[in-house]
Amino acid sequence: MKILIADGLDQNGQNILKEAGHELVVKHYEPDDLVKAIPEFEGIIVRSATKVPQAVIDAGKNLKLIARAGTGIDNIDHQYARSLGIAVLNAPGANSYSVAELVFAHLLSLARSLNQATNSLREGRWEKKNFGNGFELAGKTLGIVGFGRIGKIVARLAIAWGIRVIVYDVAEIETELAVTIVTLDELLHTSDFITLHTPKSSQPLITEKEIAMMKRGVLIVNCARGNAIDEKALLDGLNSGQVGGAGLDVYSEEPPKNLELVRHPRVSCTPHIGANTIEAQQRVGVEIAQRIVDFIKTL
Ligand SMILES: NC(=O)c1ccc[n+]([C@@H]2O[C@H](COP(=O)([O-])OP(=O)(O)OC[C@H]3O[C@@H](n4cnc5c(N)ncnc54)[C@H](O)[C@@H]3O)[C@@H](O)[C@H]2O)c1
C-alpha cells in the first residue's frame, strides 16, 4: 500500500511498515496541496498538524485507511470517512504517561511560580520575598474530571505524591486505586486543583458557572482539548482571583490568536506538547504501524 506520512513518524514505526512491504512517502502538505496529492495514496498517517476534512476524503479516491499517530481523532472527519468504508485507526494510550507527567509539570510550575521566578532571575533580580508564598502539592485535594487512560495515570502519580484524589466520570468507574468517586458538583466544591481528561465535546465542560462553584484560588489544568474550558470565563476567573492559576497545553484555537490568556502571569502554558516526548512518539509510532499492518492483512 502507498502511504503518506504527513506529520512525521518514529523511525521504528516506519521500519515496521517498510518491512511489511508498504511504500512510504514522508511529506507534509498544506491543506490545498493535500487535496491535490491525496488521490495517489491508499493510506495517510497524521499527527495533529494535518487535518483530514471531508474535502480531503472526497479527493482521496483510493483511500482505504486514515491513521492518527496519537489518541484523539478529532482532526479527522472520522464519521464521514467510516461512512464511506474508509478505516480510521489511532494509537490510544501510547502517550498517556507523557500527558499525565505534563499535568504535574504545570501544577508544580504554578505552585512555585517557576515561570515568573525564572524571568525575574534572568532579568538580574533576586526576589526571594516575592516568590516565598509557594505551596506543596502533597496533602491537597486533586479533582480529576474524566477517569480514562490519562486520568488514571494522573491519579496513580498523585497518590504516590501524597495528594488526596477525587474523581468524576460520566461512565461508571471501577478501580483499584485509592481514589474517591464523587459527583461533578462535589469535585468542583472541594478540589484544590482540578485537571481535565475528557474527550473533545461540543460544549465546554467548565464555564463561568462551574468556576464560581470552585474553591477560591483553585488551580485548573487542561491537557485534554481546548474547548473543555470556556477561555473567557477562565480569564475572568484569573483576573478576579477566583482561579489561582491555570496550566494549559491545549486551546480553543491552535495556535491561539488571542494571547491575553497565555500572557497572564498566573498561567503556565505549553503549545500542545502533551504527547511530544521521545518515549511517547516511539510508542505511538510502533503501535500505529503495527495496527496498520494488521488492518491491511484483513483487506
Ligand atoms: N495534550 C495532548 O497532547 C494530549 C495527548 C493525548 C490525549 N489528549 C487528550 O486527553 C483527553 C483524554 O484522553 P484519554 O486517552 O485519557 O481518553 P479516554 O477515552 O481513555 O478517557 C476519557 C474519559 O472521559 C470520560 N468522559 C467523557 N465525557 C465526560 C464528561 N463530560 N465528564 C466526565 N467524564 C467524561 C469518559 O467516560 C472516559 O472515561 C482526550 O481529550 C485526548 O484527546 C491530549
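Predicted model, so just to flag it, every value in this text is computed and none were measured. (Residues numbered from 1 in each chain as written. Predicted model: local features only at pLDDT ≥ 70, side-chain atom pairs only at ≥ 80, totals over all residues. Heavy atoms only, no water.)

It is not clear to me how the packing of aromatic side chains should be interpreted in this structure. Could you clarify?
Tallied over the full model, the rule gives 2 aromatic pairs. With a centroid separation of 5.5 Å and 10° between ring planes, the pair formed by F104 and W161 is classed as stacked. Taken together, the positions of F104 in helix α5 (residues 96-111) and W161 in helix α7 (residues 149-161) put the pair 57 residues apart, joining distant regions of the chain. Assessed through its relative accessible area of 37%, W161 is described here as partly exposed. Look at F135 and F193: their rings are 6.3 Å apart centre to centre, the planes differ by 15°, and that puts the pair in the stacked class. A residue pair is termed long-range when its members are at least 10 positions apart, and F135 in the loop between α6 (114-122) and β6 (141-145) and F193 in strand β9 (residues 193-196) qualify at 58 residues. Note on F135: relative accessible area 30%, which makes it partly exposed. (Phe/Tyr/Trp six-rings, centres within 6.5 Å; stacked < 30°, edge-to-face > 60°. Helix = DSSP H or I, 4+ residues; strand = E, 2+ residues; numbered from the N terminus. Buried < 20%, exposed > 50% of the residue type's maximum accessible area, 1.4 Å probe, protein only.)

What's the story with the confidence of the model for the protein in this structure? I'm lost.
Reading fine detail from the predicted coordinates is not recommended where pLDDT is low. Residues at a pLDDT of 70 or more form 100% of the protein, whose mean pLDDT is 97. Taking the mean pLDDT of every element in the protein, the minimum, 96, falls on helix α11 (residues 278-297) and the maximum, 99, on β6. (pLDDT = per-residue confidence, 0-100.)

I would appreciate a short explanation of the site of the ligand in the present structure.
Surrounding the ligand, one finds 24 residues, the nearest of these being R149, I150, D169, T198 and D249. At a separation of 3.4 Å, an oxygen atom of the ligand approaches a polar backbone atom of G274. Taking 870 Å² as the accessible area of the ligand by itself, protein coverage stands at 83%. Of the residues contributing to the shell around the ligand, the split by class is 12 nonpolar, 8 polar and 4 charged. (Near = heavy atom within 4 Å. Polar contact = N/O pair within 3.5 Å; in protein donor to acceptor, adjacent residues only side chain to side chain. Areas by Shrake-Rupley, 256 points an atom, 1.4 Å probe, with all protein chains shown as cover. Nonpolar A, V, L, I, M, F, W, Y, C, P; charged D, E, K, R; others polar.)

Quick question: what am I supposed to make of the sheet that holds β9 here?
Think of a sheet as strands paired side by side through backbone hydrogen bonds, with each pair either parallel or antiparallel. Spatially, 7 strands are ordered β8-β7-β6-β9-β10-β11-β12 in an open sheet, and the strand pairing comes out parallel. Here the strands that pair on one side only, and so sit at the sheet edges, are β8 (180-181) and β12 (267-269). Here α7 sits on the sheet in contact with β6, β7 (164-168) and β9, set at roughly 170° to β6. (Pairing = 2+ DSSP bridges. Contact = heavy atoms within 4.5 Å. Axes fitted to C-alpha atoms, helices over the stretch in contact; angles between N-to-C directions.)

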